[in-house]
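# Structure at a glance
Now for the letters of each chain:
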Amino acid sequence: MSGKRRGWSDKTPLPGQHQPFSSLLEMAASTITSAEADSSPLRSVFLGVDVGTGSARAGVFDENGKLLGSSSSPIQIWKDGDCVEQSSTDIWHAICAAVKSACSLANVASKEVKGLGFAATCSLVAVDADGSPVTVSWSGDSRRNVIVWMDHRAVEQAERINSRNSPVLQYCGGSLSPEMQPPKLLWVKENLQESWSMVFRWMDLSDWLSYRATGDDTRSLCTTVCKWTYLGHAHMQQVNEKDSRDMEACGWDDDFWEEIGLGDLVDGHHAKIGRSVAFPGHPLGSGLTPSAAKELGLEAGIPVGTSLIDAHAGGVGVMESVPQLDSEAKDCDKEAICHRMVLVCGTSTCHMAISRSKLFIPGVWGPFWSAMVPEYWLTEGGQSATGALLDHVIENHVASPHLANRAASRNISVFELLNKMLETMMLDLKRPFLAALTEDIHVLPDFHGNRSPIADPKSKGMVCGFTLDTSEKQLALLYLATVQGIAYGTRHIVEHCNAHGHNIDTILACGGLAKNPLFIQVHADIIGCPIILPRESESVLLGAAILGAVGARKFSSLNEAMRAMNAAGQVIHPSQDPKVKKFHDAKYRIFRELYEQQLSHRSIMAQALT
């Protein structure tokens, strides 16, 4: 499931010039956040690292999951149409800066760090036999060796792969997204043949971080199962084995790779894409290598737990964050956790739910066995643009510059100013409740396609209700309608999952957007479920730190570590006003109709062009 973003959402890509490593430490200092840290000696603390779309972050946590200090350093991103790229070298430098700053701020000595875990976006990294970057860019720039998760260059390749109806696709909701790795790999082979021949390892970003830190090329069941079509349930009999970190990768479907034109990736026992896999949290190699330890300012040999995708780390960092009474009553109930869905809300939103049995849900990724919580099947819904969409809507409005200046003069975020404006507008216009302000504005938020549950990467965003009004008040209404559209999308995912075997009745939310009270209250009202916020707002960092704690054998299992280090914070309940429910039910109906109208329009135009 993170860059510093204006206001609450913390995963917006950061445009601008490349920052040399010498300046990253200075920039990190300006983005440091912290809780008070105990400065007594001989503490045991755990370090989590999260690489989001726009920044690398590090957080230091104690054994109870309390944040002692955190820091963020920006990373560069290149955008050119559907192509979005980054540099693994730049990312590593940003991580080093963030780790050193976080430890300094928390007043933590390197010897006190007992375990380290990595989480990152599901971006694709290309390196040669020496570990040097191999370009994945039309530009030929060797620095640009990472295809970012949101890159949509491989839409056509995804369509061709899906047309073959391979058996592995049933574990991806029936079809691969262009955001997954096989379509991107096929695109590189077809368009950058020189790079294709040079690459020695293709890796998910979080796996590459673990490899860079330990020298161990073992891949995570999280990344391989969720993004590479690896069948994790091939390891069902090995879940309790001590040496599961050394499991031979027996879950690849060689026929699938041959069918789609990537049979060369099967060579050498899948050496380029992963010969061994491990459950999240299992210790890798001999821990942190001396060279990586020096770069990070840590001790060599510190255990490094097998990694997670950032959204999945958010799930691990929040899934057991239920109020104490609920936790005690359901401590031994393995089914209780299956009634929860985690929203990891940043640039995009991921919707994570788990079950004891495998549930095949059309248009929703999974079921993925042990991809997040060992021995549970993971269902993963998602919206490809949420925080990014709110930024887009605000920043491209003519009133945005003046609004930003007003917010800055009051030392508040633009989101806080918009929320205050909406409250005032509700009173001035004598509306019965805030949501009613948008009775004439409806938004389909598929500006970057629909990931779930329609699984249509060609879906487009729609706004119904524009006028010639370009005022700040009109922007506030558009902002509210967009938040509502995003929440209707989540309601659609929850209803779809429940119709196919889940029984979700509680939502837990984390990530940058979860810090926006309007965003959370709107979701609670529209979904009709209570939303639990975690005690620690940096849930992805906590999830990564939990991996380090498990790798250090502080806890016997990931499940035990989650129960020990997760904690609940505020609980937001849906409105009890029946008029609010009636209003949202009506708007939700319009929301669903907007996509049907789009399909009709698409068909009409296709016929006109034949």
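Because the structure is a prediction, the values reported are computed rather than measured. (Residues numbered from 1 in each chain as written. Predicted model: local features only at pLDDT ≥ 70, side-chain atom pairs only at ≥ 80, totals over all residues. Heavy atoms only, no water.)

The secondary structure content of the chain amounts to 20 helices and 22 strands. Relative to the 2.2 N^0.38 estimate, which gives 25 Å for 610 residues, the radius of gyration of the chain is 23 Å and therefore close to what a compact globule would have. Taken over the C-alpha atoms alone, the chain extends approximately 65 × 65 × 50 Å along its principal axes. Here the chain holds 610 residues, and 62% of them are scored as buried. Surface accessibility of the chain: about 22800 Å² in total, with carbon and sulfur atoms responsible for 51%. Separation of charge centres in the chain, based on 54 positive and 68 negative side chains, amounts to 4 Å. (Helix = DSSP H or I, 4+ residues; strand = E, 2+ residues; numbered from the N terminus. Rg over C-alpha atoms; globule rule 2.2 N^0.38 Å. Buried < 20%, exposed > 50% of the residue type's maximum accessible area, 1.4 Å probe, protein only. Areas by Shrake-Rupley, 256 points an atom, 1.4 Å probe, with all protein chains shown as cover. Lys, Arg positive; Asp, Glu negative; His and termini not counted. Charge placed at Lys NZ, Arg CZ, Asp CG, Glu CD.)

Along strand β5 (residues 83-86), one buried face is formed by C83 and E85 and the opposite face, lined by V84 and Q86, is buried too. By the bridge criterion, 3 bridges tie strand β4 (residues 78-80) to β5 in an arrangement that is antiparallel. Bridge pairing in β5 places W78 opposite E85. Joining the antiparallel neighbours β4 and β5 is a turn of 2 residues, in which G81 adopts a positive phi near 65°. Pairing of β5 with strand β8 (residues 146-147), which is carried by 2 bridges, proceeds in the antiparallel orientation. Directly across from E85, in β8, lies its bridge partner I147. (Pairing = 2+ DSSP bridges.)

So far we have only geometry, and geometry alone does not tell us how the molecule works.
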